[in-house]
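Below, each chain spelled out in residue letters.
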Protein chains: 2
Amino acid sequence: MEKLTEMLKAKELKVTPQRLAIFNILYNTNEHPSAETIYKQLQSTHPTMSLATVYKTLDTLKKAQLVQEINVGEDSFRYDATVAPHPHAICLKCNSVIDLETDVLAESAKKVQEDTGFEVISEKLYFYGYCTGCRTK
Amino acid sequence: MEKLTEMLKAKELKVTPQRLAIFNILYNTNEHPSAETIYKQLQSTHPTMSLATVYKTLDTLKKAQLVQEINVGEDSFRYDATVAPHPHAICLKCNSVIDLETDVLAESAKKVQEDTGFEVISEKLYFYGYCTGCRTK
DNA sequence: TTTTATGCAAATTGTTTGCAGATAA
DNA sequence: TTATCTGCAAACAATTTGCATAAAA
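Throughout what follows, the structure given in this document is the object of discussion. For clarity, every value in this text was computed on a predicted model and none was experimentally measured.

Residue and element names in this part refer to chain B. Take Arg-19: it is sitting in helix 2 (residues 17–27). Although buried, Arg-19 forms no salt bridge, and the nearest oppositely charged side chain, Asp-59, lies 9.2 Å from it. A distance of 2.9 Å separates a polar side-chain atom of Arg-19 from the backbone oxygen of Lys-14.

Here is the structure:
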């Protein structure tokens, strides 16, 4: 991950195997795993990595704007290496979180700003329902 | 609150002072309080009410579709007696949560459904930024 | 009088923190 | 070599649970 290495250096953060491994998982999945899930996934390749390190690293990456934290209403946070704002669809049956590319966000942010005077910095849009795989019941 | 009394009876749930008090708070505010906040607010009028009861009651009301739970990315949930879907704006400075009435939700749900095949049941839209009171810095 | 709800305290879960030793620069 | 990071264990905070008592139907 050259991208991450660069970004970390730019922020005067050390490039450690743990940080690379965690970012790598997020960068190569669209599953939006939680800290716990990432930790379990790393146990085979990085058996000494602690859960605390996963949390600390996710916090570091979040502050460095390399990952975004998403909050779908579960009891834990999930993480996404795609930082550009985009909606998510959460399947109520299999709990999967799917990235969407609808562009309603920019338009509606502008509308809100005009209508209410609220200055929009970012936005999150979640759809709850059933994914294509779970629709057939 | 006749509405609540009816709804509870319809679901074979008992009408208790605690349930009335908690629903009443939510029904008469637009502050979207957390369980803790509701608990504190009730201490003067209902000094024997326990925090566990607040949690259990909110869960009951949520299941009875009388309140909705919202998750703005804080460490706790907030509650809203308006169950119809509507966007929320969260001020990053004063942490207030404001109800919005923009109607982007219905349109975009339809769009997502057509584009991706994901069957949308409900949606949540959050805007983060600065409220009119906090913009002047 | 029967069933369900409340209130207490203890348990659980996700996350954070302090600190000594390890590692990147 | 020095500043930062990791990993462990303990701490924390939000929420849940078990159970005896209390209250609604």
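The next thing to look at is the pattern of salt bridges. Inspection of every chain in the model, using the stated rule, returns ten salt bridges over all chains. Between Arg135(B) and Glu119(A) there is a salt bridge whose closest N-O contact spans 3.8 Å. In this pair, Arg135(B) sits in helix 6 (residues 132–135) while Glu119(A) sits in strand 5 (residues 119–130), so the two residues belong to two different chains. A salt bridge links Asp59(B) to Lys63(B), with the nearest nitrogen and oxygen atoms 2.9 Å apart. In this pair, Asp59(B) and Lys63(B) are both assigned in helix 4 (residues 51–63), four residues apart and thus about one turn of the helix distant. The exposure class of Lys63(B) is exposed, given its relative accessible area of 64%.

What follows is about the sheet that holds strand 5 of chain A. Taking strand neighbours across the sheet as the criterion, the six strands line up as 4(A)-3(A)-5(A)-5(B)-3(B)-4(B) in an open arrangement whose pairing is mixed. For this open sheet the edge positions go to strand 4 (97–99) of chain A together with strand 4 (97–99) of chain B, each flanked by a neighbour on one side alone. Neighbouring strand axes in the sheet, compared pairwise and without regard to direction, differ in orientation by 25 degrees on average. Lying on the sheet, helix 5 (residues 104–116) of chain A is in contact with strand 5 of chain A together with strand 5 (119–130) of chain B; it crosses strand 5 of chain A at an angle near 130 degrees.

What follows deals with the pairing of strand 5 of chain A. Inspection of the sheet shows strand 3 (residues 88–91) of chain A paired to strand 5 of chain A by four bridges, in the parallel sense. Across the sheet, residue Ile90(A) finds its bridge partner in strand 5 of chain A, namely Tyr128(A).

Residue and element names in this part refer to chain B. Tracing the sequence through the fold places Leu-105 in helix 5 (residues 104–116). Look at Leu-105 and you get buried, because its relative accessible area is 5%. For Leu-105 and Val-72, which are 33 residues apart along the polypeptide, the C-alpha to C-alpha distance reads 17 Å.

What counts as what
Just so you know, the residues in each chain are numbered from 1, in the order the chain's sequence is written. All chains are assigned letters beginning with A, and all ligands numbers beginning with 1, in the order in which they are written. In keeping with the model being predicted, local features are shown solely for residues with a pLDDT of at least 70 and side-chain atom pairs are shown and tallied solely at 80 or more, while totals for entire chains, interfaces and linings include all residues. Only hydrogens and water are set aside; all other atoms, that is, all heavy atoms of the structure, feed into the side-chain values. Helix numbers and strand numbers start at the N terminus; a helix is a DSSP run of H or I with at least 4 residues, a strand a run of E with at least 2. Burial classes follow relative accessibility: with a 1.4 Å probe on protein chains only, a residue under 20% of its type's maximum area counts as buried, one over 50% as exposed, and anything between as partly exposed. Just so you know, the count uses Lys and Arg for positive and Asp and Glu for negative, and it drops His and the chain ends. By convention in these notes, a salt bridge is any Lys or Arg side-chain nitrogen within 4 Å of a carboxyl oxygen on Asp or Glu. Pairs of N or O atoms within 3.5 Å make up the polar contacts considered here, provided that, within protein, one atom can donate a hydrogen while the other can accept it, and that residues adjacent in sequence are counted only when both atoms are side-chain atoms. Strands qualify as paired when DSSP identifies two bridges or more between them. Helix axes are fitted only over the stretch in contact, all axes being lines through C-alpha atoms; the angle between N-to-C directions runs from 0 to 180 degrees. Any two residues whose heavy atoms approach within 4.5 Å are treated as being in contact.

Everything listed here is a matter of coordinates, which is why it stays silent on function.
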